[in-house]
Each structure stands twice: as structure tokens, then as C-alpha cells.
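Structural overview
What follows is each chain in one-letter form.
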Amino acid sequence: MQIKMYTKGYCSFCFAAKNLLKKRGHSFEEISVMGNAEAAQEMKQLTGGNTVPQILIDGKPIGGYTELVDLDMEGGL
């Protein structure tokens, strides 16, 4: 499973999403959009979202922290 997550350093939902993934034993690529307009634009193009975290699993956008928790509860992680 390949996971990419767009984040900001002060975001509590980003922190929680990273902790959940680590707890489940998943590695992920973290891309900070703080002060990085290019990464923010890439995030918007790939996910359609402006808020963080934005999470992609195997190239498919799943949403943010709430959607990650839902996926975990369904056994998808």
C-alpha cells in the first residue's frame, strides 16, 4: 500500500492521521504544503481539496483524517 499525505506542521488532524498510520504499521510519504505553493497546487489537482490532511492511497484520494478513520474502522487499513 502506497500512502501519500499532504500536511501542515501545526495541523492536529495531520498529526492524528500520521499517528494512526504509524499505529497500523504503514509507512507514508509526507508532503508539507506550508510555504510551498507548488505542493499546495499539486495537492489541489490530485485531490480537489484545499484543507489538510489530504491523503492518497495507491494514487487514489480518500479525503482527510475522518475518511482515514472510517477506512480503518471498515478494515481497509
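All of these numbers come straight from a predicted model, not from anything done at the bench.

The next thing to look at is the sheet that holds strand E1 (residues 3–7). Strand order in the open sheet formed by four strands is E2-E1-E3-E4, and the pairing between neighbours is mixed. Strands at the two margins of the open sheet, each flanked by one partner only, are strand E2 (29–32) and strand E4 (60–63). Between one strand axis and the next, the sheet turns through 25° on average, direction left out of account.

Glancing now at the pairing of E1. Taking burial as the measure, the five residues of E1 include four buried ones, the bulk of the element. One ladder, built from four bridges, connects E1 with strand E3 (residues 54–57); its direction is antiparallel. Bridged to Ile3 within E3 is Ile57. Where E1 and E2 come together, four bridges link them in parallel fashion. In the sheet register, Lys4 faces E2, and the bridge partner there is Glu29. For the crossover from E1 across helix H1 (residues 12–23) to E2, the handedness is right-handed.

In this section: the environment of Ile55. As for its position among the elements, Ile55 is in strand E3. For Ile55, a relative accessible area of 0% corresponds to the buried category. As a C-alpha pair, Ile55 and Thr7 span 48 residues in sequence and 9.0 Å in three-dimensional space. In contact with Ile55, not counting residues within four places along its chain, are Ile3, Lys4, Met5, Ala17, Lys60, Pro61, Ile62, Gly63, Gly64, Tyr65 and Leu68.

The residue Asp72 is located in helix H3 (residues 65–73) in this model. Those residues in contact with Asp72 that sit more than four places away from it in its chain are Leu20, Arg24 and Leu77.

Conventions we followed
Residue positions within a chain follow its written sequence, with the count starting from 1. In keeping with the predicted nature of the model, local features appear solely for residues at pLDDT of at least 70, side-chain atom pairs appear and are counted solely at 80 or more, and the whole-chain, interface and lining totals rest on all residues. In computing side-chain properties, one takes all heavy atoms of the structure into account and sets aside hydrogens as well as water. Paired strands, as defined in this entry, are two strands with at least two bridges between them according to DSSP. By definition, any uninterrupted DSSP run of H or I lasting at least four residues is a helix, any uninterrupted run of E lasting at least two residues is a strand, and each is numbered from the N terminus. All axes here are fitted lines through C-alpha atoms, helices being fitted over the stretch that makes contact, and every angle between N-to-C directions spans 0 to 180 degrees. We call a residue buried when its accessible area falls under 20% of the maximum for its residue type, exposed when it is over 50%, and partly exposed in between, using a 1.4 Å probe and counting protein chains only. Viewed with both strands pointing away, a crossover whose connecting path from the first strand over the helix to the second turns clockwise is right-handed. Throughout, a residue-residue contact means that at least one pair of heavy atoms, one from each residue, lies within 4.5 Å.

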